2 protein chains.
Amino acid sequence: MTEPRLDVLAIGNAIVDVLADADDAFLEAEGLAKGSMRLVDAHEATRLYEHMGPAREASGGSAGNTAAGVAALGGRAGFIGQIADDQLGEVFSHDIRSIGVEFETPPQDFGTPTARCLILVTPDAQRTMSTFLGAAQHLPPEALDPVQIEQSAILYLEGYLWDPEAPRMAMQQAIEIARAAKRKVAFTLSDSFCIQRHRDGFLKLIQGGFIDILFANEVEISELTGESDFEAAIRAIAGQVRTLVVTRSEKGAVALRGGERAEVAAEPVEAVVDTTGAGDLFAAGFLFGEARGRSLEESLRIGAIAAAEVISHYGARPQADLKALVAERLG
Amino acid sequence: MTEPRLDVLAIGNAIVDVLADADDAFLEAEGLAKGSMRLVDAHEATRLYEHMGPAREASGGSAGNTAAGVAALGGRAGFIGQIADDQLGEVFSHDIRSIGVEFETPPQDFGTPTARCLILVTPDAQRTMSTFLGAAQHLPPEALDPVQIEQSAILYLEGYLWDPEAPRMAMQQAIEIARAAKRKVAFTLSDSFCIQRHRDGFLKLIQGGFIDILFANEVEISELTGESDFEAAIRAIAGQVRTLVVTRSEKGAVALRGGERAEVAAEPVEAVVDTTGAGDLFAAGFLFGEARGRSLEESLRIGAIAAAEVISHYGARPQADLKALVAERLG
């Protein structure tokens, strides 16, 4: 096995976030469950956008944020995702490349624009998302570069990508290539509504031994297992993946690997402004630590530091120098 | 003269801002003068964008920000500006309408996309701008609705609009319509480089008695008059416009009208994050006060309050409830 060229190669929906402030009454009037992500069609995306307040745009997408986080930490990251040949596609590729991520998926015309995620940020800093997948749902298996996958220490996949058919197939092929090359496969359950849509598929991946590192939060692990008790839920899954990482918001995070268990507290944050990207950046920190041979606890700490930075400002990508932050706090 | 339907009708470049962090070394390497606004063509816009870091997008444009500010203050505002039928055009019209501004200029295909302004924000919160005017430079005089102009208490124009030919003609027509309807005409000098490009045109407007309210900052008023002494500079212009308003950053602002002179201090700000939009929001506050019959000093205070809000966060449009802020601080 040759030395990997990339630390983390992420495959995900290439999405531009459209963030607007909203209050609880607006969510209620729109029938939106706070903190959820739902998929919407072009018609609903347009309708909701018309009702939303003034917005700010910034590149996003769960796995894209993670790739950006790995690069900001000083790691070598790649991203695969489908954009259209339009202005939002340009914005997406500019942002991810300018933070240092290798992004070579060519824009293509599938008759639908670049994906966007309408994110309503409530005063409690929670985000409620309506995603129009557009071009992202057409990512074809042919967009994968097998050599790039073979050269990456960790292949990272988002559960959200399970929704549309083409990227699901691409993801399954990518897993096979990574495993054949003896690379690690990491997977995030994304969110509880996503698990409701794809529980069987996710369990098949996990029970089939395809996942080396599984990311979940408390709600997701209980949704997946049907266990409301946290310890029971993690016990049910821990034996089926090499490494299980569960984030618990302000209660920190837990990782289990074989008989080993590590826990860290949440990093202190002056003011939580917008929780968009918290899980994505936690995964970035953990994966970067993992790719660089850090201990389970150190990788959790790097995850917690990266997550704390991203929730202290608007937007789902790091703004501070994460590499310096980690060096300062962890050494 | 009938009661006006709108407090302020602004005509300006319809622009989406693309904001990225940069350091002084980057500005120097790019040969950019800190705090300036320059016009760039499509080629240079693309080249600079490729060199810039990850960015955030938000609707901007000087007069557009002012119209948004008037609406956020509880005023009735309108905006006229040219967008293309593309994603950034959609973003622009969504944002300005969702804040409550009347915006009816139809998108048109002039073979060039919606304007964007690449804004580099340095750690000292200053912004350095490179504007690609795109569709905005094609605003035709036919896009004006004479009735809308006649129904607006104040017509507000930005000096930046003097750069491209078509909007300059539109602006001159709008001034004539407003004057015939006995409405006030307000004008901002925009920035010192803009004055260098158009000193003669601006002086002709001022000396011709076409301007009721002139906005400038310290640098601009000295650039226009050639007087480095502040008092000498304002004396040189004060007699030629009904009302002269000069902002002085952290030193506050001064207004002169006939023999009257009012001064206010700058409003306190916890931390200056990004000065983009400071002058635009100051103008919004002053014009709103003026349209609602406030005293010269009160109008300056409203301007200072609106400007302080916008520099305390990223982006050039208000995020807080300006109406409530003014009620709280001014009554």
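What counts, and at which threshold
Every chain's residues receive numbers from 1 upward, in the order its sequence appears when written. To read the labels, note that chains go from A and ligands from 1, taken in the order they are written. Reporting of local features is limited, given that this is a predicted model, to residues whose pLDDT is at least 70; pairs of side-chain atoms are given and counted only at 80 or more, and all residues count toward the totals for whole chains, interfaces and linings. Secondary structure counts use DSSP, requiring at least four H or I residues in a row for a helix and at least two E residues in a row for a strand, with both numbered from the N terminus. Placing a C-beta atom from the backbone of each residue, one calls two residues in contact when those atoms lie within 7 Å. Here the term charged refers only to Asp, Glu, Lys and Arg, the term nonpolar to Ala, Val, Leu, Ile, Met, Phe, Trp, Tyr, Cys and Pro, and the term polar to all other amino acids, Gly among them. Any two strands are treated as partners once DSSP identifies two or more bridges connecting them. Here the axes come from fitting lines to C-alpha atoms, over the contacting stretch only for helices, and the angles between their N-to-C directions go from 0 to 180 degrees. Superposition of the copies used a least-squares fit over C-alpha atoms from residues whose pLDDT is at least 70 in both. Our angle categories are set so that under 35 degrees counts as roughly parallel, over 145 as roughly antiparallel, 65 to 115 as roughly perpendicular, and the remainder as oblique. Definitions for this section: a left-handed crossing has its near helix turned counterclockwise from the far helix by less than a right angle. A right-handed crossing has that turn clockwise. Given a helix with a known number of residues, its expected span is that number minus one, times 1.5 Å. Residues with at least 20 other C-beta atoms within 10 Å of their own are called buried, those with 12 or fewer are called exposed, and the rest are partly exposed. The C-beta atoms themselves are positioned from the backbone. Assignment of crossover handedness uses the view with strands pointing away from the viewer, where a clockwise path from the first strand over the helix to the second indicates a right-handed crossover. An arc is given here, and it is the one of the directions from the helix axis to the C-beta atoms. Nonpolar cores are built from buried Ala, Val, Leu, Ile, Met, Phe, Trp, Tyr and Cys residues. These are joined into a set through C-beta atoms within 7 Å.

Asks: Looking at this model, I keep getting lost on the overall build of chain A. Mind explaining?
Replies: For chain A, the count of helices and strands is 12 helices and 14 strands. Excluding contacts between residues fewer than 6 apart, the proportion of contacts in chain A whose partners are at least 24 apart in sequence is 76%.

Asks: Explanation requested: the interface of chain B and chain A in the structure shown.
Replies: Counting residues at the interface gives 20 residues for chain B and 20 residues for chain A. Going through the elements one at a time, β4 (56–60) and α4 (87–98) of chain B are the ones with two or more residues in the side of chain B that touches chain A. The class makeup of the residues in the side of chain B that touches chain A is 9 nonpolar, 6 polar and 5 charged. Here strand β4 (residues 56–60) of chain A runs beside β4 of chain B; their pairing, made up of 3 bridges, is antiparallel. What sits directly across from Glu57 of chain A, in β4 of chain B, is Glu57 of chain B.

Asks: Is there a simple way to think about the sheet that holds strand β6 (residues 102–103) of chain A in this case?
Replies: Sheet strands line up and pair through hydrogen bonds in the backbone, either parallel or antiparallel. Residue and element names in this part refer to chain A. Sheet architecture is open: 9 strands sit in the order β6-β5-β1-β9-β10-β11-β12-β13-β14, paired in mixed fashion. The two strands at the open ends of the sheet, each matched to only one other strand, are β6 and β14 (260–264). As paired elements, strand β1 (residues 6–11) and strand β5 (residues 77–80) share 4 bridges and run parallel to each other. Among the inter-strand pairings, Leu9 is bridged to a residue of β5, identified as Gly78. Against the sheet, helix α9 (residues 230–238) makes contact with β11 (213–217), β12 (243–247) and β13 (253–257), and its axis sits at roughly 155 degrees relative to β12, the strand it touches most.

Asks: Would you mind going over the relation of the copies chain B and chain A with me for this structure?
Replies: One copy of the chain maps onto the second through a rotation around an axis plus a translation along that axis. Overlay of chain B on chain A (RMSD 0.0 Å): rotation 180 degrees, translation along the axis 0.0 Å. What the rotation and shift describe, once combined, is the action of a two-fold rotation axis. Across chain B, the rotation axis passes nearest the C-alpha of Glu57 of chain B, at a separation of 2.4 Å. Taken together, the interface assignments show that 100% of the residues at the interface of chain B recur at the interface of chain A, consistent with an identical surface on both copies.

Asks: Just to check I follow, could you spell out the packing of helix α11 (residues 296–310) of chain A against helix α12 (residues 322–329) of chain A for this structure?
Replies: Helix-helix packing: each pair is described by the crossing angle between the helix axes and the interaxial distance. Residue and element names in this part refer to chain A. The contact between α11 and α12 brings their axes to 10 Å, and the two run at 130 degrees. One way to sum up the angle between α11 and α12 is to call them oblique. Between α11 and α12 lies a crossing whose hand is right-handed. Here Ile302, Ile305, Ala306 and Glu309 of α11 lie close against α12, whose contacting residues are Leu322, Leu325, Val326 and Arg329. A class-by-class count of the residues in the contact of α11 with α12 yields 6 nonpolar, no polar and 2 charged.

Asks: Which parts of the structure should I look at to understand α11 of chain A?
Replies: The α-helix winds at 3.6 residues per turn, so residues separated by three or four positions along the chain end up facing the same way. Between the first and last C-alpha of α11 of chain A there are 22 Å, a value that for 15 residues agrees with the 21 Å anticipated at 1.5 Å per step. Counting buried residues along α11 of chain A, 14 of its 15 residues qualify, which places the element largely inside the surrounding structure.

Asks: Is there a simple way to explain the pairing of strand β9 (residues 152–158) of chain B in this structure?
Replies: Regular strands show a simple pattern: their side chains alternate between the two faces of the sheet. Residues and elements named next belong to chain B. With 7 of its 7 residues buried, β9 lies for the most part within the structure. Across 5 bridges, strand β1 (residues 6–11) lies against β9 in parallel orientation. Paired with Ala10 across the two strands is Tyr156, which belongs to β9. Pairing geometry for β9 and strand β10 (residues 184–188), over 5 bridges, is parallel. When the bridges of β10 are listed, Leu155 appears paired with Val185. Tracing the backbone out of β9, into helix α6 (residues 165–180) and back to the parallel element β10 gives a crossover that is right-handed.

Asks: Please clarify how the sheet that holds strand β14 (residues 260–264) of chain B should be interpreted in this entry.
Replies: Residues and elements named next belong to chain B. The 9 strands lie next to each other as β6-β5-β1-β9-β10-β11-β12-β13-β14, forming an open sheet whose pairing is mixed. If you trace the sheet from one side to the other, it starts and ends with β6 (102–103) and β14, each paired once. Of the strands in this sheet, β11 (213–217), β12 (243–247) and β13 (253–257) are in contact with helix α9 (residues 230–238), which crosses β12 at around 155 degrees. Each of β1, β9, β10, β11, β12 and β13 touches helix α10 (residues 278–291); the most contacted strand, β9, lies at about 160 degrees to it.

Asks: Please explain α9 of chain B as it appears in this structure.
Replies: Residues and elements named next belong to chain B. For α9, every residue scored as buried is listed here: Ala233, Ile234, Ile237 and Ala238. End-on view of α9: buried residues confined to an arc of 125 degrees, all on one side of the axis. For α9, the secondary structure elements touched by its buried residues are α7 (192–207), β11, α8 (218–225), β12 and β13.

Asks: Please clarify how the nonpolar core should be interpreted in this entry.
Replies: Across soluble globular proteins, you tend to see nonpolar side chains buried next to one another. Ranked by internal contacts, the top residues of the largest apolar core, which has 110 residues, are Val8, Ala67 and Leu287 of chain B. If sequence neighbours within four positions are ignored, Ala67 of chain B has contacts with Val8, Ala10, Ala77, Gly78, Phe79, Ile96 and Val101 of chain B. Ranked by size, the runner-up nonpolar core spans 109 residues in total, among them Ile96, Ala135, Ala174 and Ile221 of chain A.

Asks: Which parts of the structure should I look at to understand unusual backbone geometry?
Replies: Working note: non-glycine residues mostly have negative phi, and peptide bonds are mostly trans. Phi is positive for Ala125 of chain A, which is not a glycine, with a value near 75 degrees. If you trace the backbone, Ala125 of chain A turns up in the loop between β7 (115–121) and β8 (127–132). Positioned with a positive phi, Lys182 of chain B is a non-glycine residue whose angle comes to about 60 degrees. When you line up the elements, Lys182 of chain B lands in the loop between α6 and β10.

Asks: Would you mind showing me how to read the pairing of β4 of chain B here?
Replies: All names here are of chain B. Of all 5 residues in β4, 5 are buried, a share of seventy percent or more. Relative to β4, strand β2 (residues 15–21) runs antiparallel, the two sharing 5 bridges. Residue pairing for β4: Asp17 is matched across the bridge by Ala58.

Asks: Just to check I follow, could you spell out the environment of Pro140 of chain A for this structure?
Replies: All names here are of chain A. On the secondary structure map, Pro140 appears in the loop between β8 and α5 (146–150). For Pro140, a count of 14 C-beta atoms within 10 Å puts it in the partly exposed group. Placed 183 residues apart in sequence, Pro140 and Lys323 show a C-alpha to C-alpha distance of 34 Å. Ignoring any residue separated from it by four or fewer positions in sequence, one finds Pro140 in contact with Ala166 and Ala170.

Purely spatial values, then, with no claim about function.
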